[in-house]
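# Summary of the model geometry
One letter stands for each residue in the lines below.
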There are 2 protein chains.
Amino acid sequence: MSNAARILNPTLRSKIMSAAEAAALIPPGANVGMSGFTGAGYPKAVPLALAQRIEAAHARGEPFRVGVWTGASTAPELDGALAKVNGCAMRLPYQSDPICRKQINSGEMEYTDIHLSHVAQYAWFGFLGKLDVAVVEVAAVLEDGRLVPANSIGNNKTWLDQADKIILEVNSWVNLGLDGMHDIYYGTRRPPDRRPVPINNPGDRIGDRYYNVDLSKVVGVIETNSADRNTPFTPADVNSKRIAGHILEFLEHEVKRGRLPRGMLPLQSGVGNVANAVLSGLIDGPFEDLTSYTEVLQDGMLDLIKAGKMRFASATAVSLSPEAALEFNQNAAEFKKSVILRPQEISNHPEVIRRLGIIAMNGLIEADIYGNVNSTHIAGTSIMNGIGGSGDFARNAFLSIFMTPSTAKNGAISCIVPMVTHVDHTEHDVHVIVTEQGLADLRGLSPKQRAKVVIENCAHPDYKPALHEYFSRALESSPGRHTPHLLNEAFSFLPEWRANQMKSAAE
Amino acid sequence: MSNAARILNPTLRSKIMSAAEAAALIPPGANVGMSGFTGAGYPKAVPLALAQRIEAAHARGEPFRVGVWTGASTAPELDGALAKVNGCAMRLPYQSDPICRKQINSGEMEYTDIHLSHVAQYAWFGFLGKLDVAVVEVAAVLEDGRLVPANSIGNNKTWLDQADKIILEVNSWVNLGLDGMHDIYYGTRRPPDRRPVPINNPGDRIGDRYYNVDLSKVVGVIETNSADRNTPFTPADVNSKRIAGHILEFLEHEVKRGRLPRGMLPLQSGVGNVANAVLSGLIDGPFEDLTSYTEVLQDGMLDLIKAGKMRFASATAVSLSPEAALEFNQNAAEFKKSVILRPQEISNHPEVIRRLGIIAMNGLIEADIYGNVNSTHIAGTSIMNGIGGSGDFARNAFLSIFMTPSTAKNGAISCIVPMVTHVDHTEHDVHVIVTEQGLADLRGLSPKQRAKVVIENCAHPDYKPALHEYFSRALESSPGRHTPHLLNEAFSFLPEWRANQMKSAAE
């Protein structure tokens, strides 16, 4: 089957093997650094083979689990497969796999949630323990052994540098037209030897096109040929369009007031429907010459580039719908004129984010009336996915915008609550909250001032009376009136109020 | 009285007036940017005169309040005086005055708590509204009108640049030997024109010695002669010494494991007893050639410099005991060889903090078993002081250490709780928690793993059984077991448990 056309280096060519052979080189208890970021560029074969190996070991009554470090979320073939065989003891720094999530929330799997910009440096600092094996997807191996990256960079450079053993998957599905799109920065150091990261514009190239790798560490090379398992694109729903409308109106207002330059500032956008709706809205908007400095290149950004509205996009991964992924792959040579992929320690670097003055737009699970945001936990106890890069961007952004529909579960739950059950972004890091109901501009406001605009502008009309009631009772009875709260009701008030409403309605 | 010996510029000399005359230039409703950072370098005369003016206006039935922006905390002559006459409508970004605090917590004064590194840029971005007047203490006025800074820089550069009108207090108590200690960076820009902040070592000088000021904006110059109102030094108590001991042991361990260079990394330290105890501990410790990159030069650091253990300290303010302040002032010319004072947007700059790899040590009010930290609120509702620079440092530090005695109020309250009532530093930003009981190293751990070490190593023995009980019941009954919680007991469990203990003991 192999013609090894993409593996030009003789040493690595001599290490071509099957996925099962490679998986056999990963011992029980190993920490494995895998490629993969938002479903892009993850290894397609070795994790599945590893899962089979683990399943067989378990069938023999032998313990076999590994620690899995990635860039961010991967796909069912990696997180799902390993979780399914109970093969993952510990996972970091972000995941979105349903089986994985279930195991974390049942207490079977340990999960360490880390700001995406912190992961690589923690590995270098020795904070995460030893990295035994790297399993990294690449697009090709050059004659001299350097590696052409694939559709995501994530933490690959660090895994390749730090791991004792390296397993490469060379995926010939990836169009080599993308050679040159990547910018792998080899200037990072440990303190006290760090120097400025010399990015002043989203399009600045500061690194190498290829990964450099110690060939003696490579223990196996596997050939694959398959597309990333991308998520189908869902057209924006009414609420997403309304949220997008509020944000665009706000940005235009900021330009008029002279607080934003006419050419805007680089955009960062979380993934998902709402984010895509905002980006779609920009296509018909008044802004030209847009740029983005973000984690993920998604459908909406690709559309902006194609429409000539976005001049440049910097990301660490390409995460597209299957149709857009196909188009991107076929036209990679063209898109690389306006797209750079970087390591996530650079795409999410606080230094660069603050310098460029990013407009950050991220989703949330719930926000409270004082502007604290929960991005990760359901009911304060179950993890959804993880904080991802939202903290890197929100803390350091020029404008930190959080967005959500005002209710979840068909209106049964208000996403605006008296007190969030888990805090990922504190009141100090949230400039703007937007729902389909409206936008709350919290800049410069005290907690009590924030509560008024959050309830008035963002809460769903069904929940406004309850939130007003909580706030005014808290104003009266709270021991302190800087951030008025009734601690013994903070979490229960809204669900109980809702239950009473439902009961009254049923009677 | 005036000989104007320190006011060499003729234009500014012609504007010498009394504090009362200057205060008369501040209109009701004005936003006033005052100098002052941790009780250093605040204006000594105009705020008092302004308070008198406000009191008189109120006596006539006229409304008169102002918004007060500073660097950080000031002194009774500023925050206290204005709060006493109910003259401060809005305060930012940090304060520690008891009258001020009372008014904020009674709901009479609005308070906006902001990361100290964010304040100057928010003013430049227009996020805080218009700055009408700057009232800034300096040490002298040069012939060409440039200003010699005094004992703190804080946001002075920004206030002088941004305010419509400027009032200067020239304090001849400050020894001019400190001329040359300051480094005022004029390279900041608004995005998209920002460039790297070129600091690679704590001692790098990147700016000017003096403030540049538009002389036409100066409306009044007042002569003063008085020391900062510094807080007496309290010798370290037993608990502080124990906390210091745990931290020093940990740092030595990290050096042995190769995770910290032998010369350490630059230290940041909050103020107060515990911080001073840690610094004192370093005098007898094995580390040489220490540096610090911090907000405040305090007694402990001065001692390290004098002992030849600390090579260099960078800060934004000098906050010393009265004795140390006198010594520092008398020997300013000598100390400026090893001390730099910078604007707080630079002393607290995320970019520089991450690059230098700071070891950050900050206090807390309560920490929860999962590693979330409350630095600002009593019982979730009353502000204590504010977040200060702890967020700038903790998020971007090489090592983020938080420290506290394990109990407060003579043991009546545990500082380790099931769930903090307010979050300033999330689980993602806390590497180490230390109490006199011991040290919990949370790096790389999942929430459940953290809970075990926090309870075991940090909780007071009186509260360990209760915390164990909460955690094990939460493990059993929590809807999610990633971060197990019993939401309806999270805040009440520990106080109720304690009350029952007390009751049993009394029976």
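Each chain carries its own residue numbering, running from 1 in the written order of its sequence. Chain letters start at A and ligand numbers start at 1, both assigned in the order the entries are written. Given that the model is predicted, a residue must reach a pLDDT of at least 70 before its local features are reported, and side-chain atom pairs must reach 80 or more before they are shown or counted; all residues, however, enter totals for whole chains, interfaces and linings. Just so you know, side-chain values use all the structure's heavy atoms and leave hydrogens and water out.

All names here are of chain A. Domain boundaries shown here were taken from an automatic or database domain assignment. Each assigned domain of chain A is listed here: domain 1 (4-224) and domain 2 (244-495). Placing a centre on the C-alpha atoms of domain 1 and another on those of domain 2 gives a separation of 29 Å. In this assembly, 49 residues from domain 1 lie in contact with 48 residues from domain 2. Counting the surface lost from both domain 1 and domain 2, the interface buries some 3,800 Å², and carbon and sulfur atoms represent 57% of this. For salt bridges, the criterion is a side-chain nitrogen of Lys or Arg within 4 Å of an Asp or Glu carboxyl oxygen. Taken together, domain 1 and domain 2 are joined by one salt bridge. When the shortest N-O distance is used, the salt bridge between arginine 342 and aspartate 183 registers 3.3 Å. For this analysis, residues touch if any pair of their heavy atoms sits within 4.5 Å. We define buried area as the total accessible area lost by two parts upon association, computed with a 1.4 Å probe and summed across both.

All names here are of chain A. Counting from the N terminus, the helices are the DSSP runs of H or I reaching at least four residues and the strands are the DSSP runs of E reaching at least two. Here asparagine 362 is to be found in strand 15 (residues 359-363). Relative accessible area decides the class of each residue, using a 1.4 Å probe on protein chains only: under 20% of the type maximum gives buried, over 50% gives exposed, and in between gives partly exposed. You can call asparagine 362 buried: its relative accessible area is 6%. Along the primary structure asparagine 362 and glutamine 268 are separated by 94 residues, whereas in three dimensions their C-alpha atoms are 8.2 Å apart. When neighbours within four sequence positions are excluded, asparagine 362 is seen to be in contact with Gln268, Gly270, Ser390, Phe393, Ile401, Phe402 and Met403.

Strands sit in the order 17-16-23 (chain A) across an open sheet of three strands; the sheet is mixed. Each end of this open sheet is capped by a strand with a single partner; those strands are strand 17 (373-374) and strand 23 (416-417) of chain A. Only strands joined by at least two bridges in the DSSP assignment are considered to pair.

When the copies are overlaid, the least-squares fit takes in C-alpha atoms only where the residue has pLDDT of at least 70 in both copies. When chain B is fitted to chain A, the best match, at an RMSD of 0.0 Å, comes from turning it 180° and sliding it 0.0 Å along the axis. Such values leave the two copies arranged in the relation of a two-fold axis. Residue B:Glu351 of chain B places its C-alpha closer to the rotation axis than any other residue of that unit, at 2.2 Å. Take the interface residues of chain B: 100% of them recur as interface residues in chain A, which is what a same-surface contact looks like.

Time to look at the interface of chain B and chain A. Listed by partner, the interface residues are 75 residues for chain B and 75 residues for chain A. In total, about 6,700 Å² of surface goes out of reach between chain B and chain A, with carbon and sulfur atoms giving 53% of it. In this assembly, chain B and chain A are joined by two salt bridges. The salt bridge involving B:Glu351 is made with A:Arg355; its shortest N-O contact spans 3.2 Å. Contacts described as polar in this section are N or O atom pairs within 3.5 Å, which, within protein, must combine one atom able to donate a hydrogen with one able to accept it, while residues neighboring in sequence count only if both atoms come from side chains. Here chain B and chain A share 36 residue pairs in polar contact (both at pLDDT 80 or more) between them. Breaking the side of chain B that touches chain A down by element, the ones donating at least two residues are helix 5 (98-105), strand 4 (110-111), helix 6 (119-125), helix 14 (350-356), strand 19 (382-383), helix 15 (390-396) and helix 16 (447-458) of chain B.

Our focus in this paragraph is the pattern of salt bridges. Residues and elements named next belong to chain A. Applying the stated criterion across every chain, the model contains 52 salt bridges over all chains. One salt bridge connects lysine 306 with glutamate 327, and the closest N-O pair in it is separated by 3.2 Å. Remark: glutamate 327 occurs in helix 11 (residues 322-330) and lysine 306 occurs in helix 10 (residues 299-306); sequence separation between them is 21 residues. A relative accessible area of 27% places glutamate 327 in the partly exposed class. Ionic contacts of the salt-bridge type, sharing partners, join the residues Glu254, Arg259, Asp441 and Arg443 into one network.

Attention now goes to the sheet that holds strand 16 (residues 366-368) of chain B. All names here are of chain B. The strand order across the open sheet built from three strands is 17-16-23, with neighbouring strands paired in mixed fashion. Each edge of the open sheet is held by one strand with a lone partner, namely strand 17 (373-374) and strand 23 (416-417). In this structure, strand 16 lies alongside strand 17, joined through two bridges in antiparallel fashion. Among the inter-strand pairings, glutamate 366 is bridged to a residue of strand 17, identified as asparagine 374.

This brings us to helix 5 of chain B. Along helix 5 of chain B, the positions that sit buried rather than exposed are B:Cys100, B:Arg101, B:Gln103, B:Ile104 and B:Asn105. Check the buried side of helix 5 of chain B and you find it contacts helix 16 (447-458) of chain A together with helix 4 (76-84), strand 3 (88-92), strand 4 and strand 19 of chain B. For helix 5 of chain B, the side-chain oxygen to backbone nitrogen distance between the N-cap and B:Ile99 is 3.0 Å, and the N-cap itself is B:Asp97. Remark: B:Gly107 follows helix 5 of chain B within two positions and exhibits a positive phi of approximately 90°.

In this section: the side chain of A:Glu351. With respect to the helices, strands and loops of the structure, A:Glu351 is situated in helix 14 (residues 350-356). Note on A:Glu351: relative accessible area 3%, which makes it buried. At 2.8 Å, the side chain of A:Glu351 forms a polar contact with the backbone nitrogen of A:Val197. Setting aside anything within four residues of it in sequence, one finds A:Glu351 in contact with A:Pro196, A:Val197, B:Glu351 and B:Arg355.

Centres within 6.5 Å make a pair out of two Phe, Tyr or Trp rings, where for Trp the six-membered ring is used; the pair is then stacked when the planes are under 30 degrees apart, edge-to-face when over 60, and tilted otherwise. This structure, assessed with the given rule, holds 19 aromatic pairs over all chains. Ring centres of A:Tyr122 and A:Phe127 lie 5.5 Å apart, and the angle between their planes is 45°; on these two criteria the pair is classed as tilted. Accessibility classification places A:Tyr122 together with A:Phe127 in one group, the buried group. Grouping aromatic residues by their ring pairs yields a cluster made of A:Tyr122, A:Phe125, A:Phe127 and B:Phe398. A cation over a ring is seen here: A:Arg443 above B:Phe127, with NZ or CZ 4.4 Å from the ring centre. Put simply, a charge is over a ring when the Lys NZ or the Arg CZ is close to the ring centre, within 6 Å, and near the line of the ring normal, within 35 degrees.

It is worth spelling out the UniProt feature "domain: Acetyl-CoA hydrolase/transferase C-terminal" (unreviewed entry) in chain A at this point. Using the residue numbers shown here, the UniProt feature "domain: Acetyl-CoA hydrolase/transferase C-terminal" (unreviewed entry) corresponds to residues 334-470 of chain A. The distance from the first to the last C-alpha atom of residues 334-470 of chain A is 55 Å, and the span holds 28% helix and 26% strand. UniProt positions are given in the numbering used here, feature names are shortened, and annotations may be inferred rather than shown by experiment.

For the rest of this paragraph, the subject is the packing of helix 17 (residues 464-477) of chain A against helix 18 (residues 493-506) of chain A. Residue and element names in this part refer to chain A. Every axis in this analysis is a line fitted to C-alpha atoms, fitted for helices over the stretch in contact. Angles between the N-to-C directions lie between 0 and 180 degrees. Helix 18 packs onto helix 17 with a crossing angle of 135° between their chain directions and a minimal axis gap of 10 Å. Considering the angle they form, helix 17 stands oblique to helix 18. In terms of crossing hand, the pair formed by helix 17 and helix 18 is right-handed. For the pair helix 17 and helix 18, the contacting residues are Pro465, Ala466, Leu467, Glu469, Tyr470 and Arg473 in the first and Phe493, Leu494 and Trp497 in the second. In what follows, roughly perpendicular refers to angles from 65 to 115 degrees, roughly parallel to angles under 35, roughly antiparallel to angles over 145, and oblique to any angle outside these ranges. Handedness of a crossing is defined here by the sense of rotation of the near helix relative to the far one, left-handed for an anticlockwise turn of less than a right angle and right-handed for a clockwise turn.

Of all five residues making up strand 20 (residues 399-403) of chain B, five are buried, and the element is well covered by its neighbours. Here strand 20 of chain B shows two buried faces, one formed by B:Leu399, B:Ile401 and B:Met403 and the other by B:Ser400 and B:Phe402.

All names here are of chain A. Here a helix's expected span is defined as the number of its residues, less one, multiplied by 1.5 Å. With 14 residues, helix 3 (residues 46-59) extends 20 Å from end C-alpha to end C-alpha; this agrees with the ideal 20 Å at 1.5 Å per step. Turning to helix 3, its buried residues are Val46, Pro47, Ala49, Leu50, Ala51, Ile54 and Ala57. Looking at the residues trailing helix 3, positive phi occurs at glycine 61, about 80°.

All names here are of chain A. In this model, leucine 92 is joined to proline 93 through a cis peptide bond whose omega is -5°. A positive phi angle, near 45°, is found at threonine 38, a position not held by glycine. Mapped onto the elements of the fold, threonine 38 is located in the loop between strand 1 (31-34) and helix 3.

Here we come to the UniProt feature "domain: Acetyl-CoA hydrolase/transferase N-terminal" (unreviewed entry) in chain A. Sites flagged by UniProt as "domain: Acetyl-CoA hydrolase/transferase N-terminal" (unreviewed entry) map to residues 14-223 of chain A. Annotation note: span residues 14-223 of chain A, helix share 24%, strand share 19%, distance between end C-alpha atoms 13 Å.

Turning our eyes to something else, we now look at the nonpolar core. Side chains of nonpolar character tend, in soluble globular proteins, to be buried together. Nine residue types can take part in a nonpolar core, namely buried Ala, Val, Leu, Ile, Met, Phe, Trp, Tyr and Cys, and a core is a set of them joined through side-chain atoms within 4.5 Å. One finds A:Leu297 and B:Leu297 to be the most contacted residues of the largest nonpolar core, which totals 171 residues. Setting aside residues up to four positions removed in sequence, B:Leu297 forms contacts with B:Leu302, B:Ile305, B:Ala313, B:Ala315, B:Ala317, B:Val318, B:Ser319, B:Leu320, B:Phe328 and B:Val339. In this structure, A:Met419, A:Val430, A:Trp497 and B:Ile455 belong to the second largest nonpolar core, which totals 66 residues.

Moving on: the state of the cysteines. Residues and elements named next belong to chain A. Put simply, a disulfide is two cysteine sulfurs that come within 2.5 Å. Per the stated rule, a full pass over the model turns up zero disulfides over all chains. As a non-bridged cysteine, cysteine 88 has cysteine 100 as the owner of its nearest cysteine sulfur, 5.6 Å distant. Taking relative accessible area as the criterion, cysteine 88 reaches 2% and is therefore assigned buried. The thiol of cysteine 458 is not disulfide-bonded; the next cysteine sulfur, from cysteine 415, is found 11 Å away.

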